[in-house]
Amino acid sequence: MKTGLIVAFIVVQLCLPLVYFTRRDPHDERFAWRMFSPMRMAQCKPQFVLDGKPIVLDSEFHEAWITLAERGRFVVIEAMAAKLCAKHAGSAVTVTLDCEYLDRERVTYGGYDMCNVPQL
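Keep in mind it's a predicted model, so treat the numbers as computed, not measured.

(A) Just the pairing of strand E1 (residues 43-50), in detail. Only one face of E1 is buried, namely the one carrying Cys-44, Pro-46, Phe-48 and Leu-50, since none of Gln-43, Lys-45, Gln-47 and Val-49 on the opposite face is buried. Bridge analysis of E1 against strand E3 (residues 93-100) gives eight bridges, and the strand direction is antiparallel. Its bridge partner being in E3, Lys-45 is matched across the sheet by Asp-98. Strand direction decides the pairing type here: E1 and strand E2 (residues 53-54), joined by two bridges, are antiparallel. Following the sheet pairing, Val-49 is matched in E2 by Pro-54. Counting the residues between successive antiparallel strands, the hairpin from E1 to E2 contains two residues, one of them, Asp-51, with a positive phi of roughly 50°.

As structure tokens, then:
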């Protein structure tokens, strides 16, 4: 019985990092065995616009949220947009995420109203 539990634990620990390949967010490398990945060095610039006017993120969100958004974490940016949509009901919150990478071309995500389309 103990041997089976030990083997099951080891199999789970070995297979858990494979979840990285099924995520839609390439910037989220938690539990992925990618300790020295160039993705960690990605520099992203999130831009939030409320009804055509830029939003100062420091006045709306905690520094930790902004840091994770600058790493390009989709889930965090989507949560930030959802919070703004709830706070400013009926308004358009347009989000653009420009990311620069070490090993590939620059990519822009979003650019649309996230109150209507809540995912990047």
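Still more ground to cover, so stick around.
(B) The arrangement of the pattern of salt bridges in detail. In this structure the tally under the stated criterion is three salt bridges. Lys-87 is the partner of Glu-60 in a salt bridge, and the nearest nitrogen-oxygen pair spans 3.0 Å. Residue Glu-60 is found in helix H2 (residues 57-60), and its partner Lys-87 is found in helix H4 (residues 74-87); the two are separated by 27 residues along the sequence. The class for Glu-60 is partly exposed, based on a relative accessible area of 21%. Arg-106 is the partner of Glu-100 in a salt bridge, and the nearest nitrogen-oxygen pair spans 2.4 Å.

(C) Inspection of H4 at higher detail. The first and last C-alpha atoms of H4 sit 20 Å apart over 14 residues, in line with the 20 Å expected at 1.5 Å per residue. Along H4, the residues that are buried comprise Phe-74, Val-76, Ile-77, Glu-78, Met-80, Ala-81, Leu-84 and Cys-85. Looking at the buried side of H4, the elements it contacts are E1, H2, helix H3 (63-70), E3 and strand E4 (107-113).

(D) Focus on the packing of H3 against H4. In the contact formed by H3 and H4, the axes pass within 8 Å of each other and the chain directions differ by 130°. Between H3 and H4, the angle is such that the two are oblique. Crossing hand, H3 versus H4: left-handed. Where H3 abuts H4, its residues Trp-65, Leu-68 and Ala-69 lie against Val-76, Ile-77, Ala-79 and Met-80. Residue classes in the contact of H3 with H4 are distributed as seven nonpolar, no polar and no charged.

Definitions and limits used
- Residues numbered from 1 in each chain as written.
- Predicted model: local features only at pLDDT ≥ 70, side-chain atom pairs only at ≥ 80, totals over all residues.
- Heavy atoms only, no water.
- Buried < 20%, exposed > 50% of the residue type's maximum accessible area, 1.4 Å probe, protein only.
- Helix = DSSP H or I, 4+ residues; strand = E, 2+ residues; numbered from the N terminus.
- Pairing = 2+ DSSP bridges.
- Salt bridge = Lys/Arg side-chain N within 4 Å of Asp/Glu carboxyl O.
- Expected span 1.5 Å × (residues − 1).
- Contact = heavy atoms within 4.5 Å.
- Axes fitted to C-alpha atoms, helices over the stretch in contact; angles between N-to-C directions.
- Parallel < 35°, antiparallel > 145°, perpendicular 65-115°, else oblique.
- Left-handed = near helix turned anticlockwise from the far one by under 90°.
- Nonpolar A, V, L, I, M, F, W, Y, C, P; charged D, E, K, R; others polar.

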